[in-house]
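Residues per chain, in single letters:
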Amino acid sequence: MRTDDLSTRESLRLTVRTATDSVRDAARYATSWLVLCSVLTIAQAFLPGAQVVLLQQLINALTSSDQAPLWGPLLGLTAVVGLMYPMGQVYLASTHRMALRLRLRYRSDLAFAIARLAPSRIARPDVGAALTASQTATGAIDHVAGKVLQVVGAGITSTVLCAVVWRIDPVAGLLIVAALLPTVLAFTVIARMEAREWPAVATFERAAEYATEQLVQQRPATELAVLGSGPKVAATVAARRGEAMRVLDRMIGTAMRMELVAALGTAVIFGAALVALVTGGATGADAAAAVAGAISGLNAIRLCGYAVGVIITATPQATIYRDFLATARPAEPQSVTREAASVRLEHVSYTYPGAAEPALKDVSIHANRGELIALVGVNGAGKTTLINVLVGLLTADEGRVLIGGTDADELTETERLGYVGLLVQEFGRFEFSLRDVVALGRPGPVTDDEVYRALSSAEAEVFTRRLRLDDQLGQQWGGTGISGGQWQRLALARIYLRDAAVWILDEPTSAVDAEAEREIFAGLRGSGADRITIVVSHRAWTLREMDRIYVIDDGAVVEQGTYASLLADQGSRFAAIFTDQELEVERGAARSR
Ligand SMILES: Nc1ncnc2c1ncn2[C@@H]1O[C@H](COP(=O)(O)OP(=O)(O)OP(=O)(O)O)[C@@H](O)[C@H]1O
């Protein structure tokens, strides 16, 4: 949704929606606090009106010659004045506690919504921006329900005051209600400005947060510190935050000017109400009572303006948050599919948006159950793109993908992903407990035995033997630090645990030492009879055991065959890529003989 060309009507509609959604959420997730806050709001709302009536009675009792009761109004007035402050404090604390519960709910809902995002959407810039904006929004929208109550309270206060003062002087009564108008009008203008400017703030903040993460996260931070380039990234953070600050500054300036004009308007109307009271022929007692009540009522009315402001300010953020939640994929539980007879890509072409050249050109590959297949090619040849099309993270422009004989387009994204165990080049280093790091391999519960088996299959048992499954990994959490190759073996353990029909391993041993690499590939060969294994590898010797190797060059399959047959053809692309490595391996083997 474009928020910059919203009409006043539309922004008002969104503001009302934000208000009602927030109260509905409070009713659901913080019921008792909403009830308490509502009761306090209503009670507080009647205090200024009660003050007028009681003051009127008290002054009348003091000044009239007949024996009007004195103690009743005096005690009542004491109670009203005495209650105003403590009631206000309890109300404030209660709205905070309600907001805490709502924030927890909003943050949890957002985490689950993000977790449900289809992988194909995660990398999209618009989704990334909405995600960051939604995260920021949770800190702004949690207070909205409390502010709605404040607005309702101010409405009641004005109405009661109007009714009470009306009896003394109708014009003054009406003017007291009219004192609300400048504030409401000012905040309507502020709302439009906020809706227009806020997305720009979110974009700058997102860029700043990304750069900050690079300074904070252990790995990039260490790299930057070693390079001595941290200050360059810090300068980016400062620049982006500066841009955000300038937009915010402009917004606050405009809001401040509007609020001042509104405050002036309110003061003028209020003054007019006072003049009406004094000149309208009210008795001294009535006028004094009305003035005192109106003064304390004015405070509630001012707070109402502020509350409307908070709701309006939160509206663009709340709209982004709720739209994000609404478009997150419904929670369709993934289940892992263990068998597929074959996988095929047929005449697949793909061009990245905005790219001049296709990254894949008429690519056809196939793999049957039990086969170990390799994709090889130089950097940028198209291997990762091919994998992403196979998995469904990218959609082919032409051609089709068949999994187990079914056109993958006929599967839902969740069903399709359920067939796959994907180990990407940039595998996750999830710094949780050892058990959790491995258990992430598949949805649903995982037993300790399964975790141990997966660790053993991925050649990770050796270094995890000294750890317990509950041990925290990652030094920044006070846990155990482990090496890059060990992290990669844990990532492979997740794939073993998942045990899906099609394993796609993008350089699964790039960080692993030669001995472990040999064992890992022997393990893949030995245990792969029931699955399809597709490996991207840059190391010649790992390709010897492959049933078929596809050589990708400049987005096309230029050769296919076994290691021996491809290498035998001296003029082949494969030979050009691997001959040097092969000779190196042979020399190494000769030396060790
Ligand atoms: N998101 C993207 N947008 C535009 N072009 C891209 C994108 N990702 C990759 N490319 C381009 O597509 C081509 C194929 O890239 P791909 O990542 O598939 O290569 P690769 O064979 O996996 O390389 P490597 O061995 O380095 O991992 C390259 O020219 C690359 O620059």
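These numbers were taken from a predicted model, which means no experiment stands behind them. (Residues numbered from 1 in each chain as written. Predicted model: local features only at pLDDT ≥ 70, side-chain atom pairs only at ≥ 80, totals over all residues. Heavy atoms only, no water.)

## Some points on the overall build of the protein chain
Here's step 1: Broken down by element type, the protein chain carries 20 helices and ten strands.
Here's step 2: If one aligns the C-alpha atoms of the protein chain with their principal axes, the spans along those axes are about 125 × 50 × 50 Å.
Here's step 3: Sorting the 593 residues of the protein chain into buried and exposed places 46% on the buried side.
Here's step 4: Long-range contacts, defined as pairs at least 24 residues apart, comprise 76% of the intrachain contacts of the protein chain with a sequence gap of at least 6.
Here's step 5: When the accessible surface of the protein chain is totalled, it reaches about 28,600 Å², and 59% of it is carbon and sulfur.
Here's step 6: Side-chain charges of the protein chain comprise 56 positive and 62 negative groups, with the mean position of each set lying 5 Å from the other. (Helix = DSSP H or I, 4+ residues; strand = E, 2+ residues; numbered from the N terminus. Buried < 20%, exposed > 50% of the residue type's maximum accessible area, 1.4 Å probe, protein only. Contact = heavy atoms within 4.5 Å. Areas by Shrake-Rupley, 256 points an atom, 1.4 Å probe, with all protein chains shown as cover. Lys, Arg positive; Asp, Glu negative; His and termini not counted. Charge placed at Lys NZ, Arg CZ, Asp CG, Glu CD.)

## Some points on unusual backbone geometry
Negative phi is the rule for most residues except glycine; trans is the rule for most peptide bonds.
Here's step 1: Look at Asp362: it is not a glycine, yet its phi comes out positive at around 50 degrees.
Here's step 2: When you line up the elements, Asp362 lands in strand E2 (residues 360-368).
Here's step 3: Even without being glycine, Asp554 reaches a positive phi, approximately 50 degrees.
Here's step 4: For Asp554, the position within the fold is in the loop between strand E9 (548-553) and strand E10 (556-561).

## Things to note about the sheet that holds strand E1 (residues 342-350)
Here's step 1: The sheet built from four strands is open, its strands ordered E2-E1-E4-E5 with antiparallel pairing. Among the strands making up the open sheet, the edge pair consists of E2 and strand E5 (406-407).
Here's step 2: Pairing between E1 and E2: six bridges, direction antiparallel. Paired with Leu345 across the bridge in E2 is Ile365.
Here's step 3: Against the sheet, helix H12 (residues 383-391) touches E1, E2 and strand E4 (398-403), its axis set at about 115 degrees to E1. (Pairing = 2+ DSSP bridges. Axes fitted to C-alpha atoms, helices over the stretch in contact; angles between N-to-C directions.)

## Re the pairing of E10
Residues in a regular strand point their side chains to alternate faces of the sheet.
Here's step 1: Pairing geometry for E9 and E10, over five bridges, is antiparallel. The partner of Val551 across the bridge, within E10, is Glu559.
Here's step 2: Hairpin connection between E9 and E10: a loop of two residues separates the two successive antiparallel strands, and Asp554 in this loop has a positive phi of roughly 50 degrees.

## Quick word on helix H5 (residues 125-141)
Here's step 1: Look at H5: 24 Å from first C-alpha to last across 17 residues, which is about the 24 Å you get at 1.5 Å a residue.
Here's step 2: Maximal helix bending in H5 amounts to about 25 degrees, located at Gln135.
Here's step 3: Buried within H5 are the following residues: Val127, Gly128, Leu131, Thr132, Ala133, Ser134, Ala137, Thr138, Ala140 and Ile141. (Expected span 1.5 Å × (residues − 1). Bend = angle between axes of the 7 residues up to and from the residue.)

## Regarding the pattern of salt bridges
Here's step 1: Inspection of the entire model under this criterion finds 27 salt bridges.
Here's step 2: Salt-bridge contacts for Glu371 lead to Arg548; the nearest nitrogen and oxygen are separated by 2.9 Å. Placement of the pair is Glu371 in the loop between E2 and strand E3 (372-376) and Arg548 in strand E9, with a sequence separation of 177 residues.
Here's step 3: Among the residues examined, Arg548 registers a relative accessible area of 12% and is labelled buried.
Here's step 4: As a salt-bridge pair, Asp407 and Arg400 come within 4.0 Å of each other at their nearest N and O atoms.
Here's step 5: The network of salt bridges with common partners includes Arg17, Asp21, Arg24, Asp25, Arg322 and Asp323. (Salt bridge = Lys/Arg side-chain N within 4 Å of Asp/Glu carboxyl O.)

## Comments concerning the site of the ligand
Here's step 1: As a matter of local geometry, the ligand sits amid Tyr352, Ala359, Val378, Asn379, Gly380, Ala381, Gly382, Lys383, Thr384, Thr385, Gln425 and His538.
Here's step 2: Between an oxygen atom of the ligand and a main-chain N or O atom of Gly380, the distance comes to 2.8 Å.
Here's step 3: Measuring from an oxygen atom of the ligand, one finds a side-chain N or O atom of Thr385 at 2.5 Å.
Here's step 4: Protein contacts shield 58% of the accessible area of the ligand, which totals 630 Å² for the unbound molecule.
Here's step 5: Along the lines of polarity and charge, the residues of the shell around the ligand split into four nonpolar, seven polar and one charged. (Near = heavy atom within 4 Å. Polar contact = N/O pair within 3.5 Å; in protein donor to acceptor, adjacent residues only side chain to side chain. Nonpolar A, V, L, I, M, F, W, Y, C, P; charged D, E, K, R; others polar.)

## A word on the nonpolar core
Here's step 1: Core analysis: the biggest nonpolar cluster contains 53 residues, and Met98, Ile141, Val165 and Phe324 have the highest contact counts within it.
Here's step 2: Of all the elements in the fold, those that place two or more residues in this core are helix H1 (8-29), helix H2 (31-63), helix H3 (71-115), H5, helix H6 (144-168), helix H7 (170-178), helix H10 (230-279) and helix H11 (284-327).
Here's step 3: By size, the runner-up hydrophobic cluster in this structure holds 46 residues, among which are Val376, Ala493, Leu524 and Val535. (Core = buried A, V, L, I, M, F, W, Y, C linked by side-chain atoms within 4.5 Å.)

## Some words on the environment of Ala439
Here's step 1: Residue placement: Ala439 occurs in helix H14 (residues 434-439).
Here's step 2: Spatially, the C-alpha atom of Ala439 lies 33 Å from that of Ala208, the residues being 231 residues apart in sequence.
Here's step 3: Not counting residues within four places of it along the chain, the set of residues in contact with Ala439 comprises Val446 and Leu497.

## Things to note about the packing of helix H8 (residues 181-216) against helix H9 (residues 218-227)
Here's step 1: At a minimum axis distance of 5 Å, the contact between H8 and H9 shows a crossing angle of 75 degrees. Judged on the interaxial angle alone, H9 and H8 are roughly perpendicular. Each of Glu213, Gln214, Leu215 and Val216 in H8 lies in contact with H9, whose residues at this interface are Gln218, Pro220, Ala221 and Leu224.
Here's step 2: Tallied by class, residues from the contact of H8 with H9 come to five nonpolar, two polar and one charged. (Parallel < 35°, antiparallel > 145°, perpendicular 65-115°, else oblique.)

## Notes on the sheet that holds E3
Here's step 1: The mixed open sheet is built from six strands, whose spatial order is E6-E7-E8-E3-E9-E10. Two strands lie at the open edges of the sheet, namely strand E6 (420-423) and E10, each paired on one side alone. The average angle at which neighbouring strand axes cross in this sheet is 15 degrees, direction not considered.
Here's step 2: Of the strand pairs in this sheet, E3 and strand E8 (residues 532-536) are connected by four bridges, and their pairing is parallel. Note on E8: the bridge partner recorded for Ala374 is Val535.
Here's step 3: In this fold helix H17 (residues 484-498) packs onto E6 and strand E7 (502-506), with an angle of close to 175 degrees to the strand it touches most, E6.

## Section: the packing of H3 against H6
Between two packed helices, what matters for the description is the angle formed by their axes and the separation of those axes.
Here's step 1: The geometry of H3 relative to H6 is characterised by a closest axis approach of 8 Å and an angle of 145 degrees between their N-to-C directions. Taking contact as the criterion, the partners of Tyr91, Thr95, Met98 and Leu102 in H3 are, on H6, Ala145, Gly146, Leu149 and Gln150.
Here's step 2: When grouped by side-chain class, the residues that make up the contact of H3 with H6 number five nonpolar, three polar and no charged.

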